[in-house]
Amino acid sequence: MESLLLGLTAALVWGLHDFTVRRVSSTASAAALYMLVLGFGVFWILPFAILSPGWSAFTPGLTGFTVLAGLVYAFGVYALYRAFAIGPVRLVAPICGAYPLLSVALAVVQGQEVSALVWLAAAAVVGGVALVARGEGATGQAASPASILWAMTAAVGFFASFGMLHSATEQSAALPVALIARIAGFAGILALVLWQRGDVRPALPIWPTLAMMAALDLGGMFAVTAAGSFDRPEFASVTSSCFGLVTVLLAWRFLREPVRPVQWGGIATAFAGVAVLSSQG
């Protein structure tokens, strides 16, 4: 049950984060914006992580493993941004949101007993997210091999980084793991911005918004990471994929964007899957 609740918490804060992204995405490049978000995230978590126990468990091997997890996570988010920039939501979102099925499959490989009901519930969550994305309708964007590739990269990045972060928290506390991963992600995206010669200056006037987005993104990452300390951490991966539903509901409530019948059906399907998982936790 703890893993499921942590996943729902991640979905809530990531949904609010993505809702805010809609408002600032035209300010600067995705890499520049996310670099600042990651930097503010380091600022937010640093004082808490420094005082946290668990640092003594970090061997060079565990530190390197956590650094790699942070880089994979950051590149997964970057791939998500790129996919949404060049491909239609109705195509990109279902592919990106398929990572929970990979997480459940990994649990099977690791020896977890996964019943047919859990598989069905996970598929319901992923299918519900797909229905919501299909309800976004035509956007004028055409499906392209590049958008599919970036979406698949994002899905694999989320799956791999969540699994790695769960493994790291089995050996140390969640706060030190999250700090090291966030610093690594910031360094990776900074290198990307420098390589692309991206201009960060247009994003500086909205730094308070980016600082808030950093807290939200960090909260989601920390929630999923902390699930590694509890039973069934794959449930956190499954329920965290509902962040797209939260974004749609926020846009409906505050931006007056319409929610179509198929989207309401997708929302109901996804939360039915969550309800089934809660009975299995």
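Quick look at the structure, then.

Glancing now at the overall build of the protein. A tally of regular secondary structure across the protein gives 12 helices and 0 strands. Along the protein, from the amino end to the carboxyl end, the secondary structure elements read α-α-α-α-α-α-α-α-α-α-α-α. Along the first, second and third principal axes, the C-alpha atoms of the protein reach 50 × 50 × 35 Å. A buried classification covers 49% of the 281 residues belonging to the protein. Partitioning the intrachain contacts of the protein with sequence separation of at least 6 by distance along the chain shows that 91% fall at a separation of at least 24.

Moving on: unusual backbone geometry. Here R197, not a glycine, exhibits a phi torsion of approximately 55 degrees, which is positive. Relative to the helices and strands, R197 is located in the loop between helix 8 (174–196) and helix 9 (207–226). With relative accessibility at 78%, the residue R197 sits in the exposed group. Even without glycine at this site, R232 takes up a positive phi of about 55 degrees. The topology assignment puts R232 in the loop between helix 9 and helix 10 (234–240).

Let's shift gears to empty space enclosed by the protein. The gaps left among the atoms become clear once a water-sized probe is rolled over them. Scanning the model with the defined rule gives 1 cavity of 30 Å³ or more in all. Of the pockets and cavities examined, the largest cavity occupies roughly 120 Å³. If you go around the largest cavity, the residues you meet are W14, H17, D18, Y73, V77, L80, Y81, Y99, F158, F162, D217 and F243. Of all the secondary-structure elements, those providing two or more residues to the lining of the largest cavity are helix 1 (2–24), helix 3 (60–86) and helix 7 (145–169).

Further remarks concern the packing of aromatic side chains. Scanning all chains against the criterion turns up 15 aromatic pairs. Taking 6.3 Å as the distance between ring centres and 80 degrees as the angle between the ring planes, the aromatic pair formed by W14 and F243 counts as edge-to-face. Here the residue W14 occupies a position in helix 1, and F243 occupies one in helix 11 (residues 243–254), the gap between them amounting to 229 residues. W14 gets classed as buried once you look at its relative accessible area, which sits at 7%. Positioned above the aromatic ring of F254 is the side chain of R253, whose terminal nitrogen or guanidinium carbon lies 5.3 Å from the ring centre.

Let us look at the side chain of S3. Of note, S3 is situated in helix 1. Of the polar contacts made by the side chain of S3, one reaches the backbone oxygen of R232; its length is 3.4 Å. Apart from the residues within four sequence positions on either side, S3 is in contact with A227, F230, D231, R232, P233, F235, A236 and T239.

What follows concerns the environment of L277. Structurally, L277 is set in helix 12 (residues 261–280). The sequence separation of L277 and W195 amounts to 82 residues, and the corresponding C-alpha distance is 43 Å. In this structure, L277 is in contact with L4, V118, A121, F235, V238 and T239, ignoring residues within four places of it in sequence.

The next thing to look at is the layout of surface pockets. Its volume calculated, the second largest pocket comes out at about 190 Å³. Every residue lining the second largest pocket is counted, 14 residues in all, and those nearest its centre are L106, Q110, H166, P233 and E234. Mapped onto the lining of the second largest pocket, the elements with two or more residues apiece are helix 5 (99–109), helix 7 and helix 10. For the lining of the second largest pocket, the element with the most residues is helix 7, which contributes 5 residues.

Here we take up the environment of W119. Along the polypeptide, W119 turns up in helix 6 (residues 116–134). Overall, W119 belongs to the partly exposed group, its relative accessible area being 33%. W119 has contacts with L101, V104, A105, V108 and V114, leaving out every residue within four places of it along the chain.

With that out of the way, let us pick up the packing of helix 8 against helix 9. Geometrically, a packed helix pair is captured by the angle between its two axes and the distance between the axes. Where helix 8 contacts helix 9, the two axes come as close as 10 Å, and the packing angle between them is 130 degrees. When the axes of helix 8 and helix 9 are compared, the pair comes out oblique. Regarding helix 8 and helix 9, the two cross each other, and that crossing is right-handed. In this structure, helix 8 contributes A174, L175, V177, A178, A181 and R182 to the contact, and helix 9 contributes A214, D217, L218, M221, F222, T225 and A226. Taken together, the residues of the contact of helix 8 with helix 9 break down into 10 nonpolar, 1 polar and 2 charged.

Cut-offs applied
- Residues numbered from 1 in each chain as written.
- Predicted model: local features only at pLDDT ≥ 70, side-chain atom pairs only at ≥ 80, totals over all residues.
- Heavy atoms only, no water.
- Helix = DSSP H or I, 4+ residues; strand = E, 2+ residues; numbered from the N terminus.
- Buried < 20%, exposed > 50% of the residue type's maximum accessible area, 1.4 Å probe, protein only.
- Contact = heavy atoms within 4.5 Å.
- 1 Å grid on protein atoms, 1.4 Å probe; cavity = no way out; pocket = protein on both sides within 12 Å on 5 of 7 lines; lining within 4 Å.
- Points joined across faces, edges and corners; volume = space filled by probe spheres on them.
- Phe/Tyr/Trp six-rings, centres within 6.5 Å; stacked < 30°, edge-to-face > 60°.
- Lys NZ or Arg CZ within 6 Å of the ring centre and 35° of its normal.
- Polar contact = N/O pair within 3.5 Å; in protein donor to acceptor, adjacent residues only side chain to side chain.
- Axes fitted to C-alpha atoms, helices over the stretch in contact; angles between N-to-C directions.
- Parallel < 35°, antiparallel > 145°, perpendicular 65-115°, else oblique.
- Left-handed = near helix turned anticlockwise from the far one by under 90°.
- Nonpolar A, V, L, I, M, F, W, Y, C, P; charged D, E, K, R; others polar.

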